[in-house]
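# Descriptive analysis of the structure
Below are the chains, spelled out letter by letter.
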Amino acid sequence: MKSPVVDNHPPTLQPPTDPAAYSAAAAWIEARTNLRPTIGLVLGSGLDILADLMDQPLAIPYADIPGFPVSTALGHKSELLLGTVAQRPVLTMRGRHHTYEGWSAAQATFPVRVMHRLGIRTLILTNAAGGMNPDFRVGQIMLIRDHIALPAMAGLNPLRGPNADEFGDRFPAMNDTYSHRLVNLARTAAREAGTELQEGVYVWVAGPNFETPAEIRMLRAWGGDAVGMSTVPEAMVACHAGMEVLAFSTITNLCVDNLEATDRPDAEEVVTAGRAAGEAYARLLQTLLPRL
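This one's a predicted model, so the numbers in the text were calculated from it and none came from an experiment. (Residues numbered from 1 in each chain as written. Predicted model: local features only at pLDDT ≥ 70, side-chain atom pairs only at ≥ 80, totals over all residues. Heavy atoms only, no water.)

## Focus on the pattern of salt bridges
- Taken as a whole and judged by the stated rule, the model has ten salt bridges.
- Glutamate 166 is the salt-bridge partner of arginine 117, the closest N and O atoms lying 3.9 Å from each other. Here glutamate 166 lies in the loop between helix H4 (150–153) and helix H5 (180–193) and arginine 117 lies in helix H3 (residues 110–117), a separation of 49 residues in the sequence.
- According to the relative accessible area criterion, glutamate 166 is partly exposed, its value standing at 38%.
- Residues joined by salt bridges that share partners form a network here, namely Arg145, Arg187 and Glu199. (Salt bridge = Lys/Arg side-chain N within 4 Å of Asp/Glu carboxyl O. Helix = DSSP H or I, 4+ residues; strand = E, 2+ residues; numbered from the N terminus. Buried < 20%, exposed > 50% of the residue type's maximum accessible area, 1.4 Å probe, protein only.)

What follows is the structure in structure tokens.
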């Protein structure tokens, strides 16, 4: 019987089990550019404006890359951009992948291992998140210092299954997921750029629904400052592969923590607030990247 055709859309794409899949995607990208970036940047919801920072970028649709997932989330385009930012060669993901779209955690993080194959060793992650810390305001940027990976703890771990020994150890440590060196560089860059930074713990939830008031109270009591549906799987896979990770959340809404509240968070609000923070991000990245 003839095998069915496999495309890049969920749920038909099977999890990559052959390390050659990462190499094939990386080789396909390398054949189309002479640029050899060492920095990767993943744009979160509403942060597409950061793509405008790139000089003469080469755009590659995800659908053209062998094995590459395609983004379907609101506010996420579906292409790689290769170019320079502040005279540093950068590969930018203009749109990411979430498990709520139907991807497995391994599929959603496929691009991170492709980046590693391309020689990228510094990964900057951005996202839109709900603010649980009562001191946070909409539009602020939170430097992620640590995370709580609820889906991973419950079995939706991107490192589950046979270990990819060529990337890292079976049991990687996660106490230094977010590079202390990069955190210090980001603090200095933020001061020089005039960009206010909060710092805190990001909680990864599976989504796609927003959290209930009881869940918000629980996550806050556990030490969470912001909550969202992305970033942590990418950070875990990058950490496993020995990449340095730096991550930021844009506080795009304040989480509802009581049943009497009339506010209702929605996706459009998240994208709009993310776009409003674009200028602050731009100043920060243009100051930070030359230091990396």
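## Here's the deal with helix H6 (residues 213–221)
- Buried within H6 are the following residues: Pro213, Ile216 and Leu219. One side of H6 holds all its buried residues, which, seen down the axis, span an arc of 125°.
- In this structure, the buried side of H6 is in contact with H4, strand E7 (197–204) and strand E8 (226–228).
- Backbone geometry just downstream of H6 places glycine 223 in the positive-phi region, at approximately 110°. (Arc of directions from axis to C-beta. Contact = heavy atoms within 4.5 Å.)

## Quick notes on unusual backbone geometry
- Residue proline 208 is reached from glycine 207 by a cis peptide bond, and omega for that bond is 5°.
- With respect to the element layout, proline 208 can be found in the loop between E7 and H6.
- In this structure, alanine 86 takes a positive phi of about 50° despite not being glycine.
- Along the polypeptide, alanine 86 turns up in the loop between strand E3 (79–85) and strand E4 (88–94).
- The backbone of glutamine 87 sits at a positive phi, close to 65°, despite the residue not being glycine.
- Note on placement: glutamine 87 falls in the loop between E3 and E4.
- The class of glutamine 87 is exposed, set by a relative accessible area of 75%.

## Side note on the confidence of the model for the chain
- Of the residues in the chain, 86% reach a pLDDT of 70 or more, and the chain-wide mean stands at 87.
- Of all secondary-structure elements in the chain, the lowest mean pLDDT belongs to helix H8 (residues 267–276), at 64, while E7 reaches the highest, 98.
- Considering only residues more than four positions removed or in separate chains, one finds that residues 1–15, a stretch of pLDDT under 50, has 23 contacts. (pLDDT = per-residue confidence, 0-100.)

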